Amino acid sequence: MSENQKNTTNGSAKQKKEFFLSRWIKRLLFPNKELDIYAEEQMQSPMRMVIRNFFSNPMSVIALCVFIMIALFVFIAPHFVKLDLGEQDSTLVFVSPGYDMMKVPADLQKNGVADISVGRNYSVGADKEGNVYVWGKSKVTKVIDLADIPDNVKNAKIVKVAAGSDHVLALDNKGTVYAWGNNRLRQTTLPSELMTNNRSHEFGIRAIYASDQFSLVITDDNRAILWGNENFADLSYKADELDGHVVDGAVTNTAYVLLTDDGRVVCGSNNASTPVTKIPAAAAFRVKAITGSSNTAAALKEDGSVVVWGASTKGEDKIPAFSSKAVEIEGGRYHYTARLEDGSVVSWGSNRYKQLNVPADVTKSNIEKMYVGSFQNYAIDTDGKIHTWGLKGFLLGTDGLGRDVYARLVNGGKMTMTIGALSVVIEMIIGIILGGIAGYFGGVVDMIIMRIAEVVSSMPFIPFAMILSAVMGTKVTVEQRMYIIMVILGILSWPGLCRLVRAQMFAQREMEYVVAAKALGVKEGKIIFSHIIPNVMSVCLVSITLAFGTSMLTESTLSYLGFGVPLPTPTWGNMLTGANNSIIIQNYWWNWLFVGAIFGVACICINLIGDSLRDALDPKANGR
Amino acid sequence: MKKYILKRIIYLIIVFFVVSLMMYAIYNLIPSDPAMVQMEPLRKTLKPEEWQRQYQALRDQMGLNAPLLQRYARWMGFMPDVSGKFEGMLQGNFGYSISYKRDVVDIIATPMLNTIILNFVSTIITLAITIPLGIYCAVHARKTSDNLIQAGTVVGYSLPTYLVGILFIFLFAVWLKIFPTGGAKTPGSTYTGILEFGDRMYYMMLPIIVLVFTGLAGMTRTVRAAMMDTLSQDYIRTARAKGLKEKVVIYSHAWRNALLPVSTSIMGWMISVFTGGSLVIETTFALNGTGRLYWSALNTTDYELVLAMQMFYTLVSLVGVLLTDLSYTLVDPRVRIDK
């Protein structure tokens, strides 16, 4: 390989000073012009040979391109897809992939909206002709799908709808209430007095509300009717005190409040304990409308001001200054949206899913009515056009804690690749230094280093890495633990590279250029690391490429077993932890399929590149 | 040869003790105090000075105050215990598991049997498939069928074992419903004899399939490479030049020679499967094997069990390396060992 050196210098003294890596990369990326056939026998450098062989194989070029694309993707995308490690939401658990949460059906848009209600990750709408539509993630369990609208609802002319977390209520023009969905906690079992043929006297229904596991109905003779899971929410109702006075209501996750005909907000239940039922003095008079978020309630007063009370955690109570009187207010899970007299729309609260980013055309157009819930907002203008903003859905769905799989995939990829790359660097440093020293000096030094290498390589890899990680990683931060994993992987995997470098060293140290360097009095360290090592780098390249794949694989295996990077920090390995149960594998396929696919493709590409490089280096494969 | 084997065995023993000392030292980094665990309930009933005195006495009695090397020697069985008896690893005392409340020796018998069955069966099946396949690939090298198999093997050895496991659970257990998703036997079953064995094998089938699948790729490539190397030898050319039939050339001259180097790599592959692959598989399939035992012991910080298992893994690995080297010299007399 001494031709290699002669070849590159090519008479220019400047090139000689360059660092070996930069020279090497330069040659890799910008090979010299192809030599003519007569010169080839003498002048073709081994490196160029390798590159030519490598690029003549279409498979390896494809693999290289795909791998570079994946690498660029996982290193660039995290700058745009930020990861919130503390992020989790019980209502967003196992949301299937797709941006269809606010995809309003065309028929609903065409026929005109009579009512829309937003439930957990899905929405229900009724058009002016009485048809009901369900869109979004309407599947509650494997068998229950809220989009399976019962026939009697389809036949009736529905005027109002209400969407709870897993059940839907609908009201037709004759005053009949329908309910469907999950009935595990009797959410859809209507109380007997609501059955049309069972009513003690004739009454109509003014409003229907559905929440998590319970429902509220306001009749037009000013009564409230409640049903659902009483263990979850306090559903008692002071009938003797409030009957005949209730005009409206609002539901939060676990409580409800009522609005009376004299403009007071009252707590309807007997033993009120939640913060929402402690109604502030400001909401006790001249209230026009009420609404609820997940843990708070809001009242719109006749003077156009808004009062928010309850357990506000994400800024629901930080009401911005309005430019004019508010005329309508609706609550989502962690936000409120208010329409003002001057036509503008204001949102406040949590903006995690962009539910506060009111589009510009909403303010411009004349909004007539708004429907808000969960993380979604719908606004209908006077032309009947529906404007939407908020959470559309998740590209790759969410996991068991309601975390965005796409964000975790991207950031986990960055983590896995970084750990893989850095552990290979550690492996390279140890392997090349020790291999170089052992091979160059031989004798006792070689013996000692090789014995150490044998001890290290005879240790069972995965069990040993597991115990090291378990013992060393107990009292450190996630970041430190990440570095510990890299060092463990590097320290346990250097012997292979060390042996390779040593063997190459044996061959190189007798070569003329080394003898020449020795004769010139070049220091031994310099001979090893700046004369010989650059010449054996091409051979080591295969080993390094494959080692990168192995490191990624080992890291992910360790993380999968729970001894790598700990949760909640994502890596491709620990994202697959827990995916080995049939429920997740079958019902929540997006939790493992995407990660598995991208990781599998990345590993296959690295191995293909490594194999092609090995073939390219093999003189027997040159076919000459 | 005898001298070489003796030298290697001595070397193995030295390495084993070096590794075990390292493991013991690492294990001692964990802050744990069995004396404190015993004495903690008495803290309220005794006077502080009296408690302190008893605590120190207990520590002395347990040998916790001794220096690291001495404790190691006691644990290994080189030195007598405080009570004057030799009770260490070498005497067969592998420690006491806190999570199982039993001696480690009693715990590892069943998992060991499961792991051995798992590895043994999967190894045999893998070899039965890979050797003919590798030979076929080498004979038909660079033809479409070979290229296809090569592409398949790259996929096979690139995918992490647990991913293949998850994929196969999806295919065979969830979708086709042929095999159970995990476990070692039908819950609540009281089979005996052949039925019990059949039930166990039924539960082990999917893990075996996964192990075979992940092992296929690497072994096929090894066999193919060895066979291709042999086919390019001069004696094969001579055999062909003599006018021998291709079948005779391949099945009488080439493949026996090709399998010599392969037999050594089988050993190395088996070690890696035993210590790495089957550990992942057992965890994925909740199969009661040594790998899963090791994993759960680490998770429950049952360190005496972990340490014993670690010693076991180290021993398996070292003996495996020794056998690999010995088999290499046995099958290929050209390899000179006594320099």
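Residues numbered from 1 in each chain as written. Chains lettered and ligands numbered in written order. Predicted model: local features only at pLDDT ≥ 70, side-chain atom pairs only at ≥ 80, totals over all residues. Heavy atoms only, no water.

What am I meant to see in the pattern of salt bridges here?
Where charged atoms of side chains with opposite charge meet at close range, the side chains can pair. For the coordinates displayed, the defined rule picks out 21 salt bridges over all chains. Notably, a salt bridge pairs A:Arg223 with A:Asp221, separated by 3.4 Å at the nearest N-O pair. (Salt bridge = Lys/Arg side-chain N within 4 Å of Asp/Glu carboxyl O.)

Teacher, can you tell me more about unusual backbone geometry here?
Most peptide bonds take the trans configuration, and most residues that are not glycine carry a negative phi. All names here are of chain A. Its identity as a non-glycine residue notwithstanding, Asn-121 has a phi of 65°, on the positive side. For Asn-121, the position within the fold is in the loop between strand S1 (113-118) and strand S2 (122-127). One non-glycine residue with positive phi stands out, namely Gln-213, at about 75°. Mapped onto the fold, Gln-213 is located in the loop between strand S7 (205-210) and strand S8 (214-219). (Helix = DSSP H or I, 4+ residues; strand = E, 2+ residues; numbered from the N terminus.)

How should I be thinking about a nonpolar patch on the surface in this particular structure?
All names here are of chain A. Where nonpolar side chains cluster on the molecular surface, the patch consists of Leu-422, Val-425, Ile-429, Ile-433, Tyr-483 and Phe-529 and spans about 490 Å² of accessible area. With 4 residues, the top contributor of residues to the nonpolar patch is helix H11 (residues 405-441). With respect to the helices, strands and loops of the structure, Ile-433 is situated in helix H11. (Patch = residues over 30% accessible without salt bridge, like charges linked within 9 Å, V, L, I, M, F, W, Y side chains within 5 Å. Areas by Shrake-Rupley, 256 points an atom, 1.4 Å probe, with all protein chains shown as cover.)

Any chance you could explain the packing of helix H1 (residues 2-27) of chain B against helix H4 (residues 68-76) of chain B here in plain terms?
Pairs of packed helices are described in terms of their axes, by the angle between the two and the distance that separates them. Residues and elements named next belong to chain B. Direction vectors running N to C along H1 and H4 enclose 120°, while the axes themselves pass 11 Å from each other. Taken as a pair, H1 and H4 cross one another with a handedness that is right-handed. Two secondary-structure elements touch here, H1 through Phe-16, Phe-17, Ser-20, Leu-21, Tyr-24 and Ala-25 and H4 through Leu-68, Leu-69, Arg-71, Tyr-72, Trp-75 and Met-76. The residue makeup of the contact of H1 with H4, split by class, is 10 nonpolar, 1 polar and 1 charged. (Axes fitted to C-alpha atoms, helices over the stretch in contact; angles between N-to-C directions. Left-handed = near helix turned anticlockwise from the far one by under 90°. Contact = heavy atoms within 4.5 Å. Nonpolar A, V, L, I, M, F, W, Y, C, P; charged D, E, K, R; others polar.)

Explain H4(B) to me, please; I cannot follow it from the model alone.
Along an α-helix, residues three or four apart share an orientation, since each turn contains 3.6 residues. Every buried residue belonging to H4(B) is among B:Arg71, B:Tyr72, B:Ala73, B:Arg74, B:Trp75 and B:Met76, and all of these are buried. Positioned one or two residues after H4(B), B:Gly77 has a phi angle of 100°, which is positive. (Buried < 20%, exposed > 50% of the residue type's maximum accessible area, 1.4 Å probe, protein only.)

What's the story with the sheet that holds strand S11 (residues 256-260) of chain A in this structure? I'm lost.
Strands in a sheet are paired, the pairing made by backbone hydrogen bonds, and the direction either parallel or antiparallel. All names here are of chain A. Strand order in the open sheet formed by 3 strands is S10-S11-S12, and the pairing between neighbours is antiparallel. The open sheet terminates on both sides in strands that have one partner only, identified here as strand S10 (246-251) and strand S12 (265-266). Bridging between S11 and S12 involves 2 bridges; their strand directions are antiparallel. Following the sheet pairing, Leu-258 is matched in S12 by Val-266. (Pairing = 2+ DSSP bridges.)

Would you mind going over helix H16 (residues 524-561) of chain A with me for this structure?
Residues and elements named next belong to chain A. The first and last C-alpha atoms of H16 sit only 45 Å apart over 38 residues, clearly below the 56 Å expected at 1.5 Å per residue. By the largest-angle criterion, Ile-533 marks the main kink of H16, which is about 55°, and a proline, Pro-534, follows within four residues. Burial analysis of H16 places 30 of its 38 residues in the buried class, the great majority of the element. A positive phi of about 95° marks Gly-562, the residue just after H16. (Expected span 1.5 Å × (residues − 1). Bend = angle between axes of the 7 residues up to and from the residue.)

What is the right way to look at the pairing of strand S15 (residues 306-310) of chain A in this model?
Put simply, side chains in a regular strand alternate between the two faces of the sheet. All names here are of chain A. A large share of S15 lies buried, amounting to 4 of its 5 residues. Looking at chain direction, strand S14 (residues 296-301) and S15 are connected through 5 bridges and run antiparallel. If you follow Leu-300 over to S15, its bridge partner there is Val-306. Hairpin connection between S14 and S15: a loop of 4 residues separates the two successive antiparallel strands, and Gly-304 in this loop has a positive phi of roughly 90°.

Where do I start with the interface of chain B and chain A in this structure?
The extent of an interface is frequently quoted as the accessible surface area lost upon association of the parts. Taken together, the 42 residues of chain B in the interface contact 39 residues of chain A. Surface buried jointly by chain B and chain A totals about 3,600 Å² across both partners, of which 75% is contributed by carbon and sulfur atoms. A salt bridge links B:Arg221 to A:Asp611; the nearest nitrogen and oxygen atoms lie 2.4 Å apart. On inspection of chain B and its partner chain A, the count reaches 7 residue pairs in polar contact (both at pLDDT 80 or more). Counting only elements with at least two residues in the side of chain B that touches chain A, the list comes to H1, helix H6 (144-158), helix H7 (161-175), helix H8 (193-231), helix H10 (246-284), helix H11 (290-299) and helix H12 (303-331) of chain B. (Buried area = accessible area lost by both parts, 1.4 Å probe. Polar contact = N/O pair within 3.5 Å; in protein donor to acceptor, adjacent residues only side chain to side chain.)

Looking at this model, I keep getting lost on the environment of B:Tyr202. Mind explaining?
All names here are of chain B. Among the structural elements, Tyr-202 can be located in helix H8. Residues Tyr-202 and Ile-178, 24 residues apart in the sequence, show an inter-C-alpha distance of 9.7 Å. Ignoring sequence-local partners within four residues, the contact set of Tyr-202 consists of Ile-178, Phe-179 and Pro-180.

Can you walk me through the sheet that holds strand S19 (residues 367-373) of chain A in this structure?
All names here are of chain A. A sheet is described by the order of its strands in space; here 3 strands give the open sequence S19-S20-S21, paired in antiparallel fashion. The sheet terminates laterally at S19 and strand S21 (386-390), the two strands that pair on one side only. In this sheet, adjacent strand axes meet at a mean angle of 15° when their direction is disregarded. Bridge count for strand S20 (residues 376-381) against S21 is 5 bridges, and the pairing is antiparallel.

How should the packing of helix H13 (residues 461-472) of chain A against H11(B) be read in this particular structure?
Where H13(A) meets H11(B), the axes come as close as 11 Å, and the angle between the chain directions of the two elements is 5°. Comparing their axes, H11(B) and H13(A) come out roughly parallel. Side by side, H13(A) and H11(B) meet where A:Pro463, A:Phe464, A:Met466, A:Ile467 and A:Ala470 of the first sit next to B:Tyr294, B:Trp295 and B:Leu298 of the second. Looking at the contact of H13(A) with H11(B) residue by residue, the class counts come to 8 nonpolar, no polar and no charged. (Parallel < 35°, antiparallel > 145°, perpendicular 65-115°, else oblique.)

Hey, could you run me through the pairing of strand S18 (residues 345-349) of chain A in this one?
All names here are of chain A. Judged by how many residues are buried, S18 sits mostly within the fold: 4 of 5 residues are covered. Alignment of strand S17 (residues 335-340) against S18, held across 5 bridges, turns out to be antiparallel. In the strand pairing of S18, Ala-338 is matched with Val-346. Taking the residues that link successive antiparallel strands as the turn, the S17-S18 hairpin has 4 residues, and the phi of Gly-343 there is positive, at about 95°.

In this structure, what is going on with the nonpolar core? I would like to understand it.
The tendency in soluble globular proteins is for nonpolar side chains to be buried as a group. Residues and elements named next belong to chain A. In this structure, Met-417, Met-466 and Trp-572 are the most contacted members of the largest nonpolar core, which totals 166 residues. Ranked by residues supplied to this core, first place goes to H16 with 18 residues. If you look at the next biggest cluster of nonpolar residues, it comprises 16 residues, including Val-124, Ala-126, Val-153 and Ile-158. (Core = buried A, V, L, I, M, F, W, Y, C linked by side-chain atoms within 4.5 Å.)

Would you take a moment to explain the domain arrangement of chain A for this structure?
Splitting chain A by domain gives domain 1 (59-77 + 404-623), domain 2 (96-315) and domain 3 (316-393). Taking only C-alpha atoms, the centre of domain 1 of chain A and the centre of domain 2 of chain A are 58 Å apart. (Domains from an automatic or database assignment.)

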